[in-house]
Amino acid sequence: LVEAGYVKLVVSQNVDGLHLRSGLPRDKLAELHGNIFMEKCEKCAKEYFREFDVGGMSFKPTGRMCVEARCGGRLLDQILDWEDALPEDQLCLAEEELRTCDVSMCLGTSLRIKPASDLPL
């Protein structure tokens with residue numbers, strides 16, 4: 001459905017990385033609660049999708065460094081803790097797409113946890 005152009009964006013509250021492992025392009029995915037397999041450079045914002053749980057929670061340094069030329073920034077885990085705000089870039093992406101989409105399908109959630117439950121449907 002993504003390749004045919006029917007699905008513009010998948011908005012996920014899952015943290016297990018299965019959407020990316022399935023082959024869904026990163027630019028077609030908004031991960032509202034993060035991803036236990038993802039690290040992001042705090043300087044250049046490059047993302048690293050790992051084969052292992054990167055450890056940590058609440059966007060803390062993982063101990064690894066960015067390998068981009070002239071960067072060397074610290075890599076941060078990408079998993080939310082209960083008191084963390086949703087990642088603004090992911091939330092804005094989801095809100096923008098949901099406001100303009102023709103159809104929205106909501107699967108596998110009770111839609112009870114805010115602020116994700118407040119997204120336009």
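The preceding data block contains the structure.
Since the model is a prediction, treat every value here as computed from it, not as a measurement. What you see as residue numbers is a count from 1 along each chain, following the sequence as written. Two thresholds apply to this predicted model, a pLDDT of at least 70 for residue-level local features and 80 or more for giving and counting side-chain atom pairs, whereas whole-chain, interface and lining totals are computed over all residues. Each side-chain value is worked out from all heavy atoms of the structure, with water and hydrogens disregarded.

(A) Quick peek at the packing of aromatic side chains. Between rings of Phe, Tyr and Trp, where Trp is taken as its six-membered ring, a pair exists when centres lie within 6.5 Å; planes separated by under 30 degrees are stacked, by over 60 edge-to-face, and by other angles tilted. Under the defined criterion, the tally for this structure stands at one aromatic pair. With a centroid separation of 6.5 Å and 75° between ring planes, the pair formed by F37 and F49 is classed as edge-to-face. Separated by 12 residues along the polypeptide, F37 in strand β3 (residues 34-41) and F49 in strand β4 (residues 47-49) bring together distant segments of the chain. Accessibility here uses a 1.4 Å probe with only protein chains present; expressed as a share of the type maximum, an area under 20% marks a residue as buried, one over 50% as exposed, and anything in between as partly exposed. Accessibility expressed as a relative area gives 14% for F37, which makes it buried. Should the NZ of a Lys or the CZ of an Arg lie within 6 Å of a ring centre and within 35 degrees of the ring normal, that charge is described as sitting over the ring. Seen from the ring of F37, R21 lies directly overhead, with NZ or CZ sitting 4.4 Å from the centre. Against the face of Y48 rests K46, its NZ or CZ located 5.2 Å from the ring centre. Think of it this way: any DSSP run of H or I at least four residues long counts as a helix, any run of E at least two long counts as a strand, and we number them from the N terminus.

(B) Representation of the nonpolar core. What makes a nonpolar core is a set of buried Ala, Val, Leu, Ile, Met, Phe, Trp, Tyr and Cys residues whose side-chain atoms join them at distances within 4.5 Å. Grouped together as the largest cluster of nonpolar side chains are 10 residues: L9, A30, L32, L80, L86, L91, A94, L98, A116 and L119. Examining the composition of this core, we find that three residues originate from one element, helix α2 (residues 88-100), more than from any other. The criterion used for residue contact is that any of the two residues' heavy atoms lie within 4.5 Å. Excluding anything up to four places from it in sequence, L86 contacts L32, H33, L80, L91, P115 and A116. C41, Y48, C71 and L75 belong to the second-largest nonpolar core, a separate cluster that totals five residues.

(C) Structural view of the sheet that holds strand β6 (residues 74-79). Ordered in space as β4-β3-β6-β5, the four strands form an open sheet in which the pairing is antiparallel. Strands with a single pairing partner mark the edges of an open sheet, and in this sheet they are β4 and β5 (61-65). On average, each strand axis in the sheet is inclined to that of its neighbour by 35°, with strand direction left out of account. When DSSP finds two or more bridges between two strands, those strands count as paired. Angles run from 0 to 180 degrees between N-to-C directions of axes, and those axes are lines fitted to C-alpha atoms, restricted for helices to the stretch in contact.

(D) Highlighting the pairing of β3. Counting buried residues in β3 gives six out of eight residues, a clear majority hidden from the surface. Sheet topology places β3 next to β6; five bridges connect them, and they run antiparallel. Within the sheet, the bridge partner assigned to K40 lies in β6 and is L76. Sheet topology note: the β3/β4 ladder contains three bridges and is antiparallel. Paired with K40 across the bridge in β4 is E47.

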